[in-house]
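# Structural overview for review
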Amino acid sequence: MDKRTFLKITSIAVTGTMFNPPFLYRPDQEIGSNWAGNYHYKAKELHEPGNVADVQGLVKKSDKVSVLGSRHSFNSIADTSQNLLSVANFKQIGSLNSEDQTVTAGGGIKYGDLALFLQENGFALHNLASLPHISVAGACATATHGSGITNGNLATAIAGLQIVNGNGDIVNLSRDQDGERFNRAVVGLGALGMVTNVTLDVEPTYNMQQYVYQGLPLQHLEDHFNEIMSAGYSVSLFTDWKGDTVNQVWIKRRMDGKGTTDEADSTFFDATLADDHLHPIADVSAENCTRQMGIPGPWHERLPHFRMDFTPQRRRRAAERIFCAPRVRLRGHI
């Protein structure tokens, strides 16, 4: 066995020990694992209610409940020793208000599914995270970010919330009517209850293009940080911290009705324009990434780094860890 193979095997073993301390434990009901496969849920029961009344009933008869989102957490924060309440069935789209430019949908809907509906109806969201596979309620509750110096994180698009609180009561909050009370609830980290419906701001659809540069010197990032991060509508940096450069810079630009694409410079602060599509991790195929090289596309096919029509890998590396599902203890009050 060569040294490289030995180190790989050792790192896997160590990682498994660090992240899977309960690896011998299995609940009576096999609930399964998170996306990465490094954590198996330990709750006694998993409930998948189909409507708000069912959620209320489950909460009222339970001593302790945690809400499970899209299973993107890499640790036990979304788990509980008793009952898990899944948002998986809360994915309906209730209404699209063209006049107010808002859409209302179930808290468990994934961004990719909501984006397809909006695009078909001529609308868009202002921002998306790197992965479109995450649930709207969970992403907003944890202030999942997206990118862009003039773009708020995903939670800033929320105009209204419907929550089932720790007593099993329905609480409706809106930006227009509830002021600071609403603001404090939007990024609730799951502490206020299960978000069953969300109302989001939308805007007319738009097209985008993206380019990737390789090898941005860290010194330029230190000296010109604001200029680099404002070079596009959305800018993301990827690095493995192994050298004195940022491995990749992803620059996404809005076209906003323009019929022609913007040509990219061959260099960007001494970083070199990529001549092929890239994955954020150098040795992984880019087939599951959104199209680059300035190829125009609708907002929902360019703002994320990854396409909706692929299943996220069970084993994911640290560079791809975007979203952690919230933990919810439902015995609180709003």
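Below is a summary of the structure that appears in this document. Model, not experiment: these values are computed from the prediction. (Residues numbered from 1 in each chain as written. Predicted model: local features only at pLDDT ≥ 70, side-chain atom pairs only at ≥ 80, totals over all residues. Heavy atoms only, no water.)

## Examining the sheet that holds strand β7 (residues 158–164)
- Taken together, the five strands give an open sheet; going across it, the order is β4-β5-β9-β7-β8, and neighbouring strands pair in antiparallel fashion. Edge positions in the sheet fall to β4 (93–97) and β8 (170–174), since each of these pairs with one other strand and no more. Going from strand to strand, the sheet's axes swing by 10° on average, the running direction of each strand aside.
- Summarising the sheet, strand β5 (residues 102–106) and strand β9 (residues 194–201) pair through five bridges and their orientation is antiparallel. Bridging from a neighbouring strand, Thr 104 pairs with Thr 199 of β9.
- Where helix α2 (residues 52–60) meets the sheet, its contacts fall on β7, β8 and β9, and the angle it forms with β7 comes to roughly 50°.
- Contacting β7, β8 and β9, helix α5 (residues 175–186) crosses the sheet at an angle of about 110° to β8. (Pairing = 2+ DSSP bridges. Helix = DSSP H or I, 4+ residues; strand = E, 2+ residues; numbered from the N terminus. Axes fitted to C-alpha atoms, helices over the stretch in contact; angles between N-to-C directions. Contact = heavy atoms within 4.5 Å.)

## With respect to the pattern of salt bridges
- By the definition in use, this model includes six salt bridges.
- Here Lys 42 ties to Asp 79 by a salt bridge, and the two come within 3.8 Å at their closest N and O atoms. Of this pair, Lys 42 sits in the loop between α1 (3–19) and β1 (45–47) while Asp 79 sits in the loop between β2 (65–68) and β3 (83–86), placing them 37 residues apart in sequence.
- Given the relative accessible area of 26%, Lys 42 is considered partly exposed.
- When its relative accessible area of 3% is taken as the criterion, Asp 79 is described as buried. (Salt bridge = Lys/Arg side-chain N within 4 Å of Asp/Glu carboxyl O. Buried < 20%, exposed > 50% of the residue type's maximum accessible area, 1.4 Å probe, protein only.)

## Brief notes about α2
- Those residues of α2 not exposed but buried are Val 52, Val 55, Gln 56, Leu 58 and Val 59. The buried residues of α2 occupy an angular sector of 165° when projected down its axis, which confines them to one face. Exposed residues lying more than 90 degrees from the buried face of α2 are Ala 53 and Lys 60.
- Tucked into the core, α2 has its buried residues touching β1, β3, β7, β8 and β9.
- Its side-chain oxygen at 3.1 Å from the backbone nitrogen of Ala 53, Asn 51 defines the N-terminal cap of α2. (Arc of directions from axis to C-beta. Polar contact = N/O pair within 3.5 Å; in protein donor to acceptor, adjacent residues only side chain to side chain.)

## Here we look at the side chain of Ser 236
- Within the secondary structure, Ser 236 sits in strand β12 (residues 234–238).
- Residue Ser 236 is classed as buried on the basis of its relative accessible area, which comes to 12%.
- When neighbours within four sequence positions are excluded, Ser 236 is seen to be in contact with Ser 147, Gln 248, Val 249, Trp 250 and His 305.

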